[in-house]
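# A closer look at the structure
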Amino acid sequence: MAGGKIRKEKPKAPSNNYQGGISFHKSKGQHILKNPLLVDSIVQKAGIKSTDVILEIGPGTGNLTKKLLEAGKEVIAVELDSRMVIQGDVLKTELPRFDICVANIPYQISSPLTFKLLFHPTSFRCAVIMYQREFAMRLVAQPGDNLYCRLSVNTQLYARVSHLLKVGKNNFRPPPKVDSSVVRIEPRKPQPQVNKKEWDGFLRVCFIRKNKTLGAIFRQKSVVSMLEKNFKTLQAVLASLNGSTGEAAVMDVGDQSMGLEDDDNEMEDDDEDMEMEEGQGGGGGEFKEKVMNVLKEGGFEEKRSSKLSQQEFLYLLSLFNKSGIHFS
């Protein structure tokens with residue numbers, strides 16, 4: 001055009017969402033670690049031996065896989081995206097025997113994957129996993145920490161958990177919305193001898209409101225009602241079994257309220273959002289008194305879940321069970 005200026009268009013820079021001709025899907029949680037120094041650090045901190053079989057979850061384009069192959073004997077990779085490796089949803093896949101697990105996973109499967117690994121039937125030495133920063137901090141939180149929650153207590157019962165690395169979001173392609181952390185998980189050996197559903201049901205009650213006193217929580221009408229129902233069911237089972245052990249009977253009672261398998265994020269600390277039944281502490285009568293006597297016997301009535309250690313939780317659960325009170 002007369003008097004006009006022609007502006008030369010700059011060539012478009014390649015999208016950060018591509019690598020090696022593959023476009024990444026954020027909906028699948030695909031954020032590929034691009035910093036080679038971090039890749040080397042993860043491999044080093046995993047403590048891999050030349051004889052190790054390594055389970056890699058979410059290998060993506062293989063940035064980490066190559067280093068794992070150099071360090072160990074064999075790498076078994078599980079990836080949801082069929083364009084990258086053999087396809088498989090790790091939550092639905094029967095995992096093989098392995099020595100070490102290394103994973104950069106979609107954050108939405110953090111909780112179910114963690115406990116799938118912890119409950120894996122064959123023992124492994126450790127797992128080194130990339131998590132969303134806040135989730136990682138919940139895993140390693142200690143009594144009194146702001147992020148200490150049901151997830152912290154549950155995980156630390158079954159494993160020793162340690163924070164290894166902080167990883168900024170700009171170390172990924174495409175970058176996620178939040179920063180990440182690498183955590184090392186070492187299953188305890190031997191595994192604790194606890195009824196998983198009983199333990200989890202107990203913690204769900206304790207963490208309804210972690211900063212409320214246990215006395216206030218266990219006075220709630222819904223809690224007393226649930227425990228009384230479990231108690232009566234157990235008594236009926238014991239009567240019908242004519243002398244069978246309480247432990248065997250508990251396994252037959254079934255899941256009255258708060259088991260492990262209620263949703264995909266069963267270990268998340270979402271119980272804090274449940275409403276406390278303020279002013280509805282009645283009901284239960286003699287049974288409510290029985291529950292409160294257990295708390296008083298152990299000195300737990302005025303204590304708060306946010307500050308209790310794992311050993312204190314185990315002790316309190318044993319007191320309840322000794323009185324015939326069960327949570328599953």
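Residues numbered from 1 in each chain as written. Predicted model: local features only at pLDDT ≥ 70, side-chain atom pairs only at ≥ 80, totals over all residues. Heavy atoms only, no water.

Our working definition: UniProt positions are given in the numbering used here, feature names are shortened, and annotations may be inferred rather than shown by experiment.
Going by the annotation in an unreviewed UniProt entry, the name recorded for the protein is rRNA adenine N(6)-methyltransferase, with Brassica napus given as the source organism. Regarding the protein, the relevant UniProt record gives this comment under Sequence similarities (unreviewed entry): "Belongs to the class I-like SAM-binding methyltransferase superfamily. rRNA adenine N(6)-methyltransferase family."

### Some words on the sheet that holds strand β10 (residues 180-187)
Backbone hydrogen bonds are what pair the strands of a sheet, in a parallel or an antiparallel way. Condition: Two strands make a pair as long as DSSP finds a minimum of two bridges between them. A run of DSSP states H or I qualifies as a helix once it reaches four residues; a run of E qualifies as a strand once it reaches two. Both are numbered from the N-terminal end. Here the axes come from fitting lines to C-alpha atoms, over the contacting stretch only for helices, and the angles between their N-to-C directions go from 0 to 180 degrees. Any two residues whose heavy atoms approach within 4.5 Å are treated as being in contact.
Read across the sheet, six strands follow the order β5-β4-β6-β7-β10-β8 without closing on themselves; strand pairing throughout is mixed. Whereas interior strands pair on both sides, the edge strands pair on one side only; in this sheet they are β5 (74-78) and β8 (159-167). Within the sheet, the average angular offset between the axes of one strand and its neighbour, ignoring direction, is 20°. Along the sheet face, helix α5 (residues 150-158) touches β8 and β10 and points at about 115° away from the line of β8.

### Focus: the environment of His 326
As a reminder, the rule being used: Buried, partly exposed and exposed residues are distinguished by accessible area as a fraction of the type maximum, computed with a 1.4 Å probe on protein chains only: under 20%, between the cut-offs, and over 50%, respectively. Any pair of N or O atoms that falls within 3.5 Å is considered a polar contact. Within protein, one atom must be able to donate a hydrogen and the other to accept it, and sequence-neighbouring residues count only if both atoms are side-chain atoms.
Mapped onto the elements, His 326 comes out in the segment after α11 (310-322). Residue His 326 is classed as buried on the basis of its relative accessible area of 11%. The spatial distance from the C-alpha of His 326 to the C-alpha of Glu 228 is 8.9 Å, given a sequence separation of 98 residues. Within the local environment of His 326, its side chain forms a polar contact with the side chain of Asn 321, the two groups lying 3.2 Å apart.

### A look at the pattern of salt bridges
What counts, and what does not: One side-chain nitrogen of Lys or Arg within 4 Å of one carboxyl oxygen of Asp or Glu is enough to make a salt bridge.
All chains considered together, the criterion is met by 10 salt bridges. With its nearest N and O atoms 3.6 Å apart, the salt bridge here joins Asp 40 to Lys 67. Here Asp 40 is found in helix α1 (residues 36-45), whereas its partner Lys 67 is found in helix α2 (residues 63-71), with 27 residues between them in sequence. One salt bridge in this structure joins Arg 125 and Asp 52, with 2.5 Å as the shortest N-O distance. Residue Arg 125 is located in the loop between α3 (110-118) and β7 (126-132), and its partner Asp 52 is located in the loop between α1 and β4 (53-57); the two are separated by 73 residues in the primary sequence. For Asp 52, a relative accessible area of 3% translates into the label buried. Connected through salt bridges with shared partners, the residues Arg 150, Asp 200 and Arg 204 form a single ionic network.

### Thoughts on the packing of aromatic side chains
Put simply, the test is: Classification of ring pairs uses Phe, Tyr and Trp, with its six-membered ring standing for Trp, and accepts pairs whose centres are within 6.5 Å; under 30 degrees between planes counts as stacked, over 60 as edge-to-face, and the remaining range as tilted.
Scanning the entire structure with this criterion turns up 15 aromatic pairs. Note on Phe 218 and Phe 320: the rings are 5.1 Å apart at their centroids and 25° apart in plane angle, and the pair reads as stacked. Within this pair, whereas Phe 218 is found in helix α7 (residues 214-218), its partner Phe 320 is found in helix α11, the two being separated by 102 residues in sequence. Residue Phe 320 is classed as buried on the basis of its relative accessible area of 0%.

### A word on the pairing of β7
Operational definition: When the strands point away from the viewer and the path from the first strand over the helix to the second turns clockwise, the crossover is right-handed.
The buried fraction of β7 amounts to six of the seven residues, a majority that puts the element mostly inside the structure. Alignment of strand β6 (residues 100-104) against β7, held across five bridges, turns out to be parallel. If you follow Asn 104 over to β7, its bridge partner there is Met 130. Note that the unit made of β6, α3 and β7 has a crossover that is right-handed. Sheet topology note: the β7/β10 ladder contains six bridges and is antiparallel. Paired with Ala 127 across the bridge in β10 is Ile 185.

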